[in-house]
Amino acid sequence: MKIFRNILDSVKPNFEKGGKLEKYYPAYDAFETFLFVPGHTANTGAHIRDAIDLKRTMVTVILAMVPALLFGIWNTGYQHFLALGQPDATFLEMITFGAIKVLPIVVVSYAVGLGVEFIFGIINGHSINEGFLVTGMLIPLCLPVGIPLWMVAVATLFAVVIGKEVFGGTGMNIINVALTARAFLFFAYPTLMSGDKVWIDTTLASGETMADGYTGATLLAQSTESATTYVNAAGVQYTDIFSSAFMGTIPGSIGETSTLAILLGAALLIYTGIASWRIILSGVVGAFVMGLIFNAFAVNPFMEVPAINQLVFGGFAFGIVFMATDPVTASQTNRGKWIYGFLIGIFSIMIRVFNPAYPEGVMLAILFMNIMAPLIDHYVIQGNISKRLKRVKVAA
Amino acid sequence: MYIETITMSKEIKIKRGKDIRLVGSADKINANALHAETVALKPSDFIGIRPKMLVKEGDVVKAGTPLFFDKNHENVKFVAPLSGTVAEIKRGAKRVILEVIIKADKETVYEKHNVADVKGMNGEQVKEVMMASGLWPMVRQRPFDVIANPNEEPKAIFISAFDSSPLAPDYDFILHGQDTAFQAGIEAISKLTAGKVHLNVRGNVKADDVFINAKGVQINKFTGPHPAGNVGVQMHHVDPIGKGESIWFVNPQDVATIGKFFISGQFDASRIIALAGSEVSTPKYYRTVLGAPASTILNGNTKEGSKRFISGNILTGTRIEDNGYVGFYDHQISVLPENHEPEFFGWIAPNFGKWSASRALFSWLTPNKEYKLDTKMNGEERAYVVTGQYEAVFPFEIYPQQLVKSIMIDDVESMEELGIYEVAPEDFALCEVVCTSKMPVQSIVRNGLEKLRIESL
């Protein structure tokens with residue numbers, strides 16, 4: 001650690017005012033504050049400060065995503081060997097295959113996103129914010145494994161520039177950055193983002209892709225046919241679809257399949273208070289209620305899907321835990337959070353069932369509610385204002 | 001015997017807030033501070049005044065002689081706490097007066113005022129006497145958290161008989177035995193309002209007799225964590241302020257000082273001050289005077305190492321040097337460790353010794369542990385990302401983050417609607433402490449209040 005300090009101190013003059021590399025100071029600052037929390041002390045106001053900062057907050061969220069990432073890596077391998085008809089492949093083979101497929105997506109996402117952040121930081125002369133540390137992990141986890149890397153790069157670029165930097169950077173964006181990336185890909189390259197061929201990587205050892213002979217459809221796609229019978233990649237019927245979907249041994253986006261892994265992350269986020277339990281809880285209730293309503297008025301197989309299964313299918317769990325709770329784009333008032341989460345739940349299932357042309361409704365539901373969140377807050381706050389006015393009048 | 005009936009005493013439970021437990025609260029021992037060879041009045045303690053000097057260097061003054069007045073309210077005088085000679089009028093940039101320093105006599109000589117029995121006086125007479133004698137600055141007001149505007153009439157007066165902030169002085173201990181002076185003070189200030197005088201005590205412990213036996217007041221009981229002791233919180237829950245209204249408030253020790261004046265006719269600036277904090281060897285209380293030099297209290301009673309000296313409490317106090325002076329509104333000196341050592345991967349390290357309101361660190365495992373905290377920011381300032389943090393420590397029916405944002409963008413109408421008239425910077429001190437984005441919340445709130453106050457003139 002002494003070495004790092006010495007290196008930093010020796011190059012620092014170049015980046016300070018008057019130095020050769022003055023305009024690259026934000027880049028230097030990012031590295032310095034990454035290695036060392038600066039020793040500056042409180043100048044105004046309270047003389048003691050909480051030990052938490054934005055870096056700590058973001059790293060806790062990343063930690064919460066680790067179970068989903070690890071499971072996603074394994075599941076990528078598992079689905080691959082299942083589709084190839086080699087269900088006896090070892091755990092190590094599955095992990096290795098998954099890692100080879102998933103980690104490059106993670107690397108590309110971080111490299112492009114952080115690159116954009118550094119460039120904007122240097123151009124605008126502001127310090128580089130930590131927001132992308134989370135976004136950079138969210139993007140890979142919400143994409144199908146078959147996604148070409150160049151598309152990951154383009155989507156990340158689009159999302160960070162158009163979704164965030166044009167609004168002023170971290171904390172200023174209106175819609176969730178990771179979902180912006182996903183939505184961009186979904187509308188620009190629908191064939192590579194949906195259908196039956198993108199969820200399972202069937203690249204053979206020879207480098208060719210196995211095109212047929214397996215079932216690549218997600219449970220949601222299969223729900224249009226039947227609410228009870230689902231088959232896995234090998235064409236074998238699941239014995240207990242709820243358990244399989246809960247555990248996550250199903251095809252889907254990299255991080256979304258295992259509700260269990262997501263719940264582990266949710267537990268950490270709720271316990272540390274970093275994600276709003278109000279949003280998660282009301283979202284789950286909303287989705288469940290919508291599922292029950294559909295069950296009651298079911299006229300097609302998709303509406304018959306048991307409400308409890310709706311919660312573990314597709315990207316709902318991942319979206320409500322990691323995307324809907326993004327504090328920048330969610331409602332900011334506690335009452336608003338209840339409404340916001342509940343409506344995300346309702347709309348997720350509604351879009352999913354009424355418009356099966358989309359592979360999943362949760363993305364659109366969250367993006368829509370991101371736009372609506374300021375409106376919800378506006379009315380909540382107006383309510384508070386008029387309540388206080390009335391109270392003062394009564395007291396007087 | 002005549003017992004005054006106290007009507008409508010309220011019991012209020014404050015739910016949101018946070019008690020930060022720190023090492024070094026003052027033991028209940030009264031020591032004598034060294035004799036103050038100099039005392040100082042700092043115009044910067046009085047927000048919004050425009051001081052105009054009445055004395056010059058070399059002038060001989062008595063305790064209670066006016067040193068300067070406020071050009072906005074010319075009758076409001078600021079007086080010498082002790083007799084002596086004006087040693088120095090210290091000025092800063094643009095000739096702003098920083099300190100008026102008096103070299104004190106060995107024996108204090110007082111200005112004599114003829115005071116009639118306060119019971120027979122009316123509000124205007126009490127006001128006149130208090131302004132002329134230098135007591136008026138002890139009466140402050142909400143909105144704006146400044147010296148009370150003598151041209152207005154408040155709808156009530158609040159006295160918080162306890163301070164809930166970390167390492168705060170205990171007014172039950174400080175005022176113990178000063179029943180006569182305290183009651184005389186209550187009688188004087190109650191003349192200033194047609195409304196009630198609210199005396200707010202802790203609900204979960206028995207307050208000292210000086211408070212319990214006070215007459216002519218409504219005693220309200222508050223339980224719950226800090227900031228339950230802030231007058232702003234108490235007003236919000238007992239008698240909220242609307243636009244155009246004001247409530248005045250007085251510190252309990254200042255009530256006793258006012259009382260002593262109405263008994264003796266002289267400005268007795270003696271005051272008990274707590275010395276607290278992890279860097280104090282034996283934290284305790286000291287008998288001293290208003291405006292005393294910190295050195296007469298510190299006097300070798302601090303530990304080795306780099307330290308920060310604070311006049312007031314650690315949430316709202318003012319940083320001073322060890323040769324500085326205690327502020328007019330401060331009843332405490334706090335001493336914290338200070339270092340500027342960067343911390344290697346500090347944002348990811350477990351940081352066991354550090355305190356956090358969040359569970360992303362580990363201090364929640366030991367809620368009763370007393371922490372030794374330094375003055376580090378523990379991170380850099382960022383745009384707002386996290387929400388809901390302020391609400392958890394802000395016991396008002398007000399949206400704190402939205403109010404702070406409305407001040408940042410200078411939106412006067414929103415500030416008013418969101419409740420700025422009810423709050424003061426001190427009410428936001430915990431918000432500032434827990435803020436992930438390290439926003440300077442108290443100074444933002446002060447800027448907003450000053451903007452509105454200046455517009456209202």
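Residues numbered from 1 in each chain as written. Chains lettered and ligands numbered in written order. Predicted model: local features only at pLDDT ≥ 70, side-chain atom pairs only at ≥ 80, totals over all residues. Heavy atoms only, no water.

1. Quick notes on the confidence of the model for chain B
Keep this limit in mind: A residue's pLDDT is the predictor's confidence in that residue, given on a scale from 0 to 100.
This prediction gives chain B a mean pLDDT of 94; 98% of its residues lie at or above 70. Scoring of the predicted complex yields 0.93 for pTM and 0.93 for ipTM.

2. Let's talk about the nonpolar core
Heads up, the rule is: By nonpolar core we mean a set of buried residues, namely Ala, Val, Leu, Ile, Met, Phe, Trp, Tyr and Cys, connected to one another through side-chain atoms within 4.5 Å. Only protein chains enter the accessibility calculation, which uses a 1.4 Å probe. A residue is then buried if its area is under 20% of the maximum for its type, exposed if over 50%, and partly exposed in between. By definition, any uninterrupted DSSP run of H or I lasting at least four residues is a helix, any uninterrupted run of E lasting at least two residues is a strand, and each is numbered from the N terminus. Contact between two residues is taken to exist if any of their heavy atoms lie within 4.5 Å; hydrogens are not considered.
Counting 151 residues, the largest nonpolar core has Phe-313, Phe-322 and Tyr-340 of chain A together with Leu-403, Ile-420, Val-423 and Phe-428 of chain B as its most contacted members. Counting residues per element, this core draws most heavily on helix α17 (residues 362-395) of chain A, which supplies eleven residues. Ignoring anything within four residues of it in the chain, the contact list for Ile-420 of chain B reads Leu-403, Ile-407, Met-415, Gly-448, Leu-449 and Leu-452 of chain B. Core analysis: the next-biggest nonpolar cluster, separate from the first, contains 73 residues, Ile-89, Ile-174, Phe-211 and Ile-258 of chain B among them.

3. Topic: the pattern of salt bridges
The condition is simple: Salt bridges are identified by distance alone: a Lys or Arg side-chain nitrogen within 4 Å of an Asp or Glu carboxyl oxygen.
In the structure shown here, the tally under the stated rule is 35 salt bridges over all chains. Arg-388 of chain A is paired through a salt bridge with Glu-422 of chain B; the nearest N and O atoms lie 3.7 Å apart. A residue pair is termed interchain when its members come from two chains, as with Arg-388 of chain A in helix α17 and Glu-422 of chain B in the loop between α9 (412-417) and α10 (429-434). Glu-187 of chain B is paired through a salt bridge with Lys-119 of chain B; the nearest N and O atoms lie 3.7 Å apart. With Glu-187 of chain B in helix α3 (residues 179-190) and Lys-119 of chain B in the loop between β9 (97-104) and α1 (123-133), this pair connects stretches of sequence that are 68 residues apart. You can call Glu-187 of chain B partly exposed: its relative accessible area is 22%.

4. What to know about the interface of chain A and chain B
Condition: What counts as buried area is the accessible surface, traced by a 1.4 Å probe, that two parts surrender upon association, with contributions from both included. Nitrogen and oxygen atoms within 3.5 Å of one another constitute a polar contact, given that in protein one can donate a hydrogen and the other can accept it, and given that sequence-neighbouring residues count only through two side-chain atoms. Any two strands between which DSSP finds at least two bridges are classified as paired.
Of the residues lining the interface, 59 residues belong to chain A; the matching set on chain B comes to 77 residues. Summed over both sides, the interface between chain A and chain B buries roughly 5,900 Å², with carbon and sulfur atoms accounting for 57% of that surface. The three residues of chain A that bury the most area against chain B are His-47, Ile-48 and Arg-49 of chain A, which together make up 15% of that side's buried surface. Applying the counting rule to chain A against chain B returns five salt bridges. In this assembly, chain A and chain B are joined by 33 residue pairs in polar contact (both at pLDDT 80 or more). Going through the elements one at a time, α1 (2-15), α2 (25-35), β1 (36-37), α3 (54-83), α11 (259-272) and α17 of chain A are the ones with two or more residues in the side of chain A that touches chain B. Take the side of chain A that touches chain B: its biggest share by element is ten residues, from α17 of chain A. Relative to strand β21 (residues 343-344) of chain B, β1 of chain A runs antiparallel, the two being bridged by two bridges. By the bridge assignment, Phe-36 of chain A is partnered in β21 of chain B with Phe-344 of chain B.

5. Concerning the pairing of strand β17 (residues 284-289) of chain B
Residues and elements named next belong to chain B. Direction of pairing for strand β2 (residues 27-32) relative to β17: parallel, over a ladder of four bridges. Directly across from Asn-32, in β17, lies its bridge partner Arg-287. Taken together, the six bridges between strand β16 (residues 270-276) and β17 define a ladder with antiparallel strand orientation. In the sheet register, Ser-270 faces β17, and the bridge partner there is Val-289.

6. A short note on the environment of Leu-54 of chain A
Within the secondary structure layout, Leu-54 of chain A lies in helix α3. A relative accessible area of 2% places Leu-54 of chain A in the buried class. Sequence-wise, Leu-54 of chain A and Leu-70 of chain A are 16 residues apart; in three dimensions their C-alpha atoms are separated by 25 Å. Residue contacts for Leu-54 of chain A: discarding those within four places in its chain leaves Glu-130 of chain A together with Arg-382, Val-385 and Thr-436 of chain B.

7. So, the pairing of strand β18 (residues 307-311) of chain B
Each regular strand carries side chains that alternate between the two faces of the sheet. Residue and element names in this part refer to chain B. The buried count for β18 comes to four of five residues, which makes it a mostly enclosed element. Strand direction decides the pairing type here: β18 and strand β20 (residues 332-337), joined by five bridges, are antiparallel. Its bridge partner being in β20, Ile-310 is matched across the sheet by Ser-334. The hairpin turn running from β18 into strand β19 (residues 318-320), its antiparallel successor, is six residues long, and Gly-312 in that turn takes a positive phi close to 110 degrees.

8. Here we look at the domain arrangement of chain B
All names here are of chain B. Where we set the bar: For the purposes of this description, domain bounds are those given by an automatic or database domain assignment. In this classification, Asp, Glu, Lys and Arg are treated as charged, Ala, Val, Leu, Ile, Met, Phe, Trp, Tyr, Cys and Pro as nonpolar, and every other residue, Gly included, as polar.
Splitting chain B by domain gives domain 1 (1-20 + 35-272), domain 2 (273-365) and domain 3 (389-456). Taken together, the contact between domain 1 and domain 2 spans 38 residues of the former and 28 residues of the latter. For the pair domain 1 and domain 2, the summed buried surface comes to about 2,800 Å²; carbon and sulfur atoms form 65% of the total. Of all residues in domain 1, Leu-167, Arg-271 and Ile-272 give up the largest surface area on contact with domain 2, accounting jointly for 25% of the area buried on that side. At the junction of domain 1 with domain 2, the criterion picks out zero salt bridges. Counting only elements with at least two residues in the side of domain 1 that touches domain 2, the list comes to β3 (38-41), β9, α2 (171-174), α6 (252-264) and β16. Here the side of domain 1 that touches domain 2 is built from residues that sort into 22 nonpolar, seven polar and nine charged.

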